[in-house]
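Structural characterization, general
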Amino acid sequence: MQVSVVAFKNKKLPQTQTPFSVLFVCLGNICRSPAAEGVFTYFVKKRGFDSKIRIDSAGTINYHEGNQTDSRMRAASKRCGIEITSISRPIKSSDFVEFDLILAMDKQNRERGYMEAFNRWKFRDPLPEDAHKKVRLICSYCKKHDETEVPDPCYGGPEGFKKVLDMLEDACESLLENILAENKHIQES
């Protein structure tokens, strides 16, 4: 049997784009970061970009690995029409390779969590030299809130969970607009 090779001159083959990927991070990955994942997923699906943007969350510690999101946060988000289904996982070195943007809920998560881990892992694993530049604070995307960090609502009352969700809605809406503006290919096709 003879196989012939056909040249596709002057024809464009479909280009496969890898989804833009966003990771949300807090301490235990049972409250703020899964809420951010849920809120951002809501906005991404609403705009029809769920096949073009990958979303996940993680914790800087592994104490809650395998656990569901805090029941109070799930209830508060459900009242806002947002479903949170993520299961807690700790950060891993491959996050610096797999994700385009890593958003920490507070400065401690950013500095003591991800940046310390990056400095430890960069000697062990092949990580991009500038991977640390992917790590930012989620509140840097807020337009309506002045806070620089998302507070941990676990030690307060129900109003704390609502406040966190309000802040995350503000940040995530702006985050999506920013991603779309900087990555025109997401809106194409």
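Keep in mind that what you see is a predicted model, and the values were worked out from it rather than measured.

Inspection of the entire model under this criterion finds 10 salt bridges. Arg124 serves as the salt-bridge partner of Asp125, at 2.9 Å between the closest nitrogen and oxygen. The exposed category is assigned to Arg124, whose relative accessible area is 56%. The salt bridge partner of Lys162 is Asp166, with a shortest N-O separation of 2.7 Å. Remark: Asp166 and Lys162 occur in helix α5 (residues 158–182); sequence separation between them is four residues, near one turn of the helix. Among the charged side chains, a network of salt bridges with common partners joins Asp56, Arg89 and Asp95.

Right, let's get into helix α2 (residues 71–79). Every buried residue belonging to α2 is among Met73, Ala76 and Ser77, and all of these are buried. Looking straight down α2, one finds that the buried residues subtend no more than 95° of arc, so they occupy a single side. Exposed and oriented more than 90 degrees from the buried face of α2 are Lys78 and Arg79. In the core, the buried residues of α2 are packed alongside α1 (32–46) and α5. The opening residue of α2, the one whose side-chain oxygen lies 2.7 Å from the backbone nitrogen of Arg72, is Asp70.

What follows covers the environment of Val25. In this structure, Val25 sits in strand β1 (residues 20–26). Note on Val25: relative accessible area 0%, which makes it buried.

Turning our eyes to something else, we now look at the confidence of the model for the chain. Averaged over all residues, the pLDDT of the chain equals 88, while 90% of them reach at least 70. Mean pLDDT values for the elements of the chain range from 81 in helix α4 (residues 107–121) up to 98 in α1. Counting interchain partners and residues more than four positions distant, the pLDDT-below-50 stretch residues 1–15 has zero contacts.

Here we take up the nonpolar core. Among the nonpolar cores identified, the biggest contains 39 residues, and Val22, Phe24, Phe40, Ile53, Ile138, Leu168 and Leu175 are the most heavily contacted of them. Looking at this core, the elements with two or more residues in it are β1, α1, β2 (53–59), α2, β3 (101–104) and α5. Of all hydrophobic cores here, the second largest spans 15 residues; its members include Phe99, Ala117, Trp121 and Ala131.

With that out of the way, let us pick up the environment of Leu168. Position of Leu168 among the secondary structure elements: in helix α5. With a relative accessible area of 0%, Leu168 lands in the buried category. In sequence terms Leu168 and Gly66 are 102 residues apart; their C-alpha atoms lie 23 Å from each other. When residues no more than four places from it in sequence are discounted, the contact partners of Leu168 are Arg32, Ala35, Ala36, Val39, Met105, Ile138 and Val150.

To continue, consider the side chain of Asp106. Along the chain, Asp106 falls in the loop between β3 and α4. Residue classification places Asp106 among the buried positions, given a relative accessible area of 12%. Within polar-contact distance, the side chain of Asp106 engages the backbone nitrogen of Asn109 at 2.7 Å. Aside from chain neighbours lying at most four places away, what touches Asp106 is Arg32, Leu137, Glu149 and Val150.

Calculation rules
Residues numbered from 1 in each chain as written. Predicted model: local features only at pLDDT ≥ 70, side-chain atom pairs only at ≥ 80, totals over all residues. Heavy atoms only, no water. Salt bridge = Lys/Arg side-chain N within 4 Å of Asp/Glu carboxyl O. Buried < 20%, exposed > 50% of the residue type's maximum accessible area, 1.4 Å probe, protein only. Helix = DSSP H or I, 4+ residues; strand = E, 2+ residues; numbered from the N terminus. Arc of directions from axis to C-beta. Contact = heavy atoms within 4.5 Å. Polar contact = N/O pair within 3.5 Å; in protein donor to acceptor, adjacent residues only side chain to side chain. pLDDT = per-residue confidence, 0-100. Core = buried A, V, L, I, M, F, W, Y, C linked by side-chain atoms within 4.5 Å.

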